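Each chain is listed here by its residues.
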Amino acid sequence: MKKYNNIKATLALAKASFRSIMRSPSAVVFTLAFPLIFILVFGFLGGGGTHIDVGVTPGSDVNNPVMGMLEKTGMIRLIKDKSKADFDKLLEKGNVDAMIDVHRKVNSAAYSVNVVYTSASRDKGGILKSVLNNVFYDKTLKPTVAEIKESTITGREYKTIDFILPGQLGFSLLSTGVFGTAFVFLSLRQTLVIKRFFATPVRRSSIVIGEGIARIGFALIGALFIILIGHFFFGFTLVHGAATVVNMLILATMGIIVFMGFGFIISGIAKNESMVPPISNIVTLPQFLLSGTFFSIEAFPSWLQPISRALPLTYLNDAMRKVAFEGMGLWDVKFQIMILLLWGIGIYAVAVKVFKWE
Amino acid sequence: METKKAIISVNNLVKKYDDFVAVQGLSFEVYENEIFGLLGPNGAGKTTTLEIIETLRDKTSGEIIVDGFSVDKQAHSIKQIIGVQLQAAGYYPNLNLVELIELFAGLYGANIKPMEILEKVNLQDKAKAKYKALSGGQKQRFSIATTLINQPKIIFLDEPTTGLDPQARRNLWDLITEIRDAGTTVVITTHYMDEAEQLCDRVAFVERGQIIALDTPDNLIDKLVSSGFERKKEVKKANLEDVFINLTGQEWRE
Ligand SMILES: Nc1ncnc2c1ncn2[C@@H]1O[C@H](COP(=O)(O)OP(=O)(O)OP(=O)(O)O)[C@@H](O)[C@H]1O
Ligand SMILES: [Mg+2]
């Protein structure tokens with residue numbers, strides 16, 4: 001008897017599945033259209049931040065009328081108690097909009113104010129500048145402030161798209177992994193497609209791997225598409241260019257594999273197709289809202305943050321942003337990768353238990 | 001009578017669904033290169049028996065050998081030499097017929113030209129159509145096409161002519177006879193006795209999971225006649241089916 005070729009069977013399935021996905025409108029909408037719409041909306045809206053984070057240089061005088069005045073504006077948040085090195089990093093990334101250093105002038109009662117802006121946050125720096133000008137000409141302060149020295153350091157400009165795009169990418173991977181996988185396996189089982197497959201010599205593992213290859217391939221094409229549109233039309237930052245894209249796609253692969261695990265579980269516990277969306281939403285919605293897709297999780301109330309920090313998408317998003325904007329390598333995000341891996345092990349352990357073939 | 005070689009032997013097959021015994025100690029052999037019919041009322045256990053032989057369901061007890069392979073230990077080898085048409089099955093969504101045949105070719109590890117397979121069941125004009133868009137009879141024909149992809153030694157057809165028009169049925173008989181003449185063994189179930197009589201070399205009657213008769217159609221008829229059976233009414237020289245065929249011609253319908 002001719003030797004049976006498992007690889008050929010797996011690839012035949014991958015090809016069939018890929019063709020089928022490309023022809024399924026819902027897959028295309030979830031993976032491409034939704035994220036692109038969000039990117040478009042946020043890309044044009046731009047950042048609407050109202051807070052200006054100003055770092056207080058270590059060693060600066062803090063009990064002086066200038067700082068008091070700045071705090072009173074309600075718009076400026078003074079950040080203290082960080083090391084110089086920390087501040088430098090934050091400043092370069094634009095996470096801190098400017099640094100301020102106030103000293104009493106030698107042999108004088110007046111203060112000297114030293115401000116450092118960053119090109120990573122030009123808009124906010126501009127606002128701070130005008131606030132300081134007001135302070136300088138304020139009658140009550142005038143006698144005490146002798147001078148304002150200003151300088152600007154160059155940092156990378158951190159745009160809204162740099163935050164939004166990785167989040168949308170992560171969510172696209174989550175929804176295509178969860179919904180797509182759950183629907184496909186449930187419907188193949190219910191429409192007896194899998195039963196017919198079982199009448200051929202194909203292995204079960206080939207069916208799972210073939211489907212997986214198709215879904216990963218589709219998700220990566222989607223991811224690449226989103227990254228390129230983001231980069232060329234909205235100026236999404238890719239620090240090391242193509243190498244960064246490759247790293248992002250590797251992260252995307254890890255993410256989609258983990259998320260497909262949820263899909264396998266759902267296909268096993270859902271009794272029919274109409275049960276797939278509600279169950280899938282239980283998995284995807286909390287991650288959509290809490291994993292830093294739209295807002296940094298630091299903006300959440302502190303009681304919510306532990307929940308955010310338990311979700312796999314949080315770590316995928318985090319790793320994506322670090323790789324894309326901060327130019328980190330995969331080794332630098334090993335902690336995030338490890339958490340994803342732990343989720344993967346946990347999810348597939350459950351999936352193996354609840355997955356149904358017939 | 002020449003002695004024939006058994007390609008399938010079923011020995012004392014029992015299948016229980018929980019407390020319900022669907023198959024109660026079936027034993028029979030299918031000879032190489034014959035068309036073997038499994039007949040019997042709804043729920044008799046025909047599909048159950050076929051699917052156990054096809055290694056798709058587990059049996060409760062009994063022994064089954066298919067071309068020298070045991071269903072218990074060599075299911076993988078059995079699947080490579082059989083072609084299966086299920087009474088109820090679906091096909092991968094969103095693919096056209098050619099793509100589906102390509103998929104099955106991959107699953108069987110066979111090198112075939114999809115169009116040639118489709119031509120055998122006269123579906124070449126529907127090559128680019130989706131399975132969903134086929135008529136009932138076309139679906140049946142497509143299912144049969146998928147059984148031929150791996151050039152199997154045995155094909156199993158579970159009610160292949162249900163839902164077919166009279167010519168399509170006849171044309172399918174021709175196809176099945178051709179397949180048999182090319183050296184393939186055919187196991188078929190049907191509720192049409194004229195079909196079984198025309199097509200099958202031997203038939204087994206199954207009722208409530210047991211075989212109540214097994215012989216060639218001619219022998220079974222002769223036996224009945226010799227027991228004094230007579231039809232109540234003299235048959236007419238033609239019936240409505242003859243009218244249908246006469247009016248609509250002999251060709252496959254799209
Ligand atoms: N999965 C199952 N679980 C429980 N009972 C089943 C199952 N499949 C079949 N049965 C029962 O086993 C009996 C035999 O069913 P089977 O499908 O083999 O009949 P069949 O001879 O093919 O009938 P038909 O001519 O209607 O196709 C029936 O009473 C049926 O209800
Ligand atoms: Mg049946």
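In this text the structure is predicted, and so the values were computed from the model without any measurement. (Residues numbered from 1 in each chain as written. Chains lettered and ligands numbered in written order. Predicted model: local features only at pLDDT ≥ 70, side-chain atom pairs only at ≥ 80, totals over all residues. Heavy atoms only, no water.)

### Overview of the sheet that holds strand β5 (residues 69–70) of chain B
Neighbouring strands of a sheet are bound in pairs by backbone hydrogen bonds; such pairs are parallel or else antiparallel. Residues and elements named next belong to chain B. As a reminder, the rule being used: A pair of strands counts as paired when DSSP detects no fewer than two bridges linking them. The helix and strand labels rest on DSSP assignments: H or I over at least four residues marks a helix, E over at least two residues marks a strand, and numbering proceeds from the N terminus. The contact rule is simple, with two residues in contact once any of their heavy atoms fall within 4.5 Å. An axis is simply a line fitted to the C-alpha atoms; with a helix, the fit covers only the stretch in contact. Between two such axes, the angle follows the N-to-C directions and lies from 0 to 180 degrees.
Here we have 4 strands laid out as an open sheet, ordered β2-β1-β4-β5, and antiparallel in their pairing. Either end of the sheet is taken by a strand with one partner, and the two such strands are β2 (20–31) and β5. Strand direction decides the pairing type here: strand β1 (residues 6–17) and β2, joined by 9 bridges, are antiparallel. What sits directly across from Ser 9, in β2, is Glu 29. Helix-sheet contacts for helix α1 (residues 46–53) involve β1, β2 and β4 (61–66), and the interaxial angle to β1 is about 120°.

### Comments concerning the environment of Ile279(A)
All names here are of chain A. In this structure, Ile 279 sits in helix α10 (residues 276–290). Counting along the chain gives 10 residues from Ile 279 to Ile 269, while the straight-line C-alpha distance between them is 9.0 Å. In contact with Ile 279, other than residues within four places in its own chain, are Ile 266, Ile 269 and Ala 270.

### Observations regarding the coordination of the magnesium ion (ligand 2)
All names here are of chain B. To keep it simple, the criterion reads: Here the term donor refers to an N, O or S atom within 2.8 Å of the metal (or 3.2 Å for Na, K and Ca), and because water is left out of the atoms, sites may appear incomplete. Exposure classes here rest on a 1.4 Å probe applied to the protein chains alone. A residue is buried below 20% of its type maximum, exposed above 50%, and partly exposed in between.
For the magnesium ion (ligand 2), the protein coordination sphere consists of Thr 47 (OG1) and Gln 87 (OE1), at 1.8 to 2.1 Å. Here Gln 87 lies in the loop between β6 (82–85) and α3 (97–108) and Thr 47 lies in helix α1, a separation of 40 residues in the sequence. We classify Thr 47 as buried; its relative accessible area is 17%. Here Gln 87 falls in the partly exposed class, since its relative accessible area comes to 42%.

### As for the pairing of strand β3 (residues 35–39) of chain B
Residues and elements named next belong to chain B. Of all 5 residues that make up β3, 5 are buried, and the element is covered over most of its length. Neither face of β3 is left uncovered, since the one carrying Ile 35, Gly 37 and Leu 39 and the one carrying Phe 36 and Leu 38 both have all their residues buried. The pairing of β3 with strand β8 (residues 185–189) spans 4 bridges and is classified as parallel. Counterpart to Ile 35 in the pairing with β8 is Val 186. Bridging between β3 and strand β9 (residues 202–207) involves 4 bridges; their strand directions are parallel. From the neighbouring strand, Leu 38 faces β9, where its bridge partner is Ala 204.

### Re the domain arrangement of chain A
Convention followed: A domain assignment, automatic or from a database, supplies the domain bounds used here.
Segmentation of chain A into domains returns domain 1 (6–44 + 159–354) and domain 2 (52–153). Here the C-alpha centroids of domain 1 of chain A and domain 2 of chain A sit 43 Å apart.

### Some remarks on the side chain of Glu51(B)
With respect to the element layout, Glu51(B) can be found in helix α1. Take Glu51(B): its relative accessible area is 2%, and that puts it in the buried class. Sequence-distant contacts of Glu51(B), defined by excluding residues within four places in its chain, comprise Lys195(A), Leu56(B), Arg57(B) and Leu86(B).

### Examining the environment of Leu340(A)
All names here are of chain A. Here Leu 340 lies in helix α13 (residues 334–354). For the pair Leu 340 and Val 258, spaced 82 residues apart in sequence, the C-alpha separation works out to 7.1 Å. Residues in contact with Leu 340, not counting those within four places in the same chain, are Val 258, Pro 312 and Leu 316.

### Brief notes about the site of ligand 1
All names here are of chain B. Quick reminder of the rule: One heavy atom suffices: a residue is near a molecule or strand as soon as one of its heavy atoms comes within 4 Å of it. Residues adjacent in sequence count toward polar contacts only when both atoms are side-chain atoms; beyond that, a polar contact is any pair of N or O atoms within 3.5 Å, and within protein one must be able to donate a hydrogen and the other to accept it. Only the protein chains shown count as cover for residues, with accessible areas throughout obtained via the Shrake-Rupley method and a probe of 1.4 Å. Polar here means any residue other than Ala, Val, Leu, Ile, Met, Phe, Trp, Tyr, Cys and Pro, which are nonpolar, and Asp, Glu, Lys and Arg, which are charged; Gly is therefore polar.
The local shell around ligand 1 holds 15 residues, among which Asn 42, Lys 46, Thr 47, Thr 48 and His 191 are the closest. Within the backbone of Ala 44, one N or O atom sits 3.2 Å away from an oxygen atom of ligand 1. Relative to its free-state accessible area of 630 Å², ligand 1 is covered by the protein chains to the extent of 64%. Examining the composition of the shell around ligand 1, we find that 3 residues originate from one element, α1, more than from any other. Its residues assigned to classes, the shell around ligand 1 shows 5 nonpolar, 7 polar and 3 charged.

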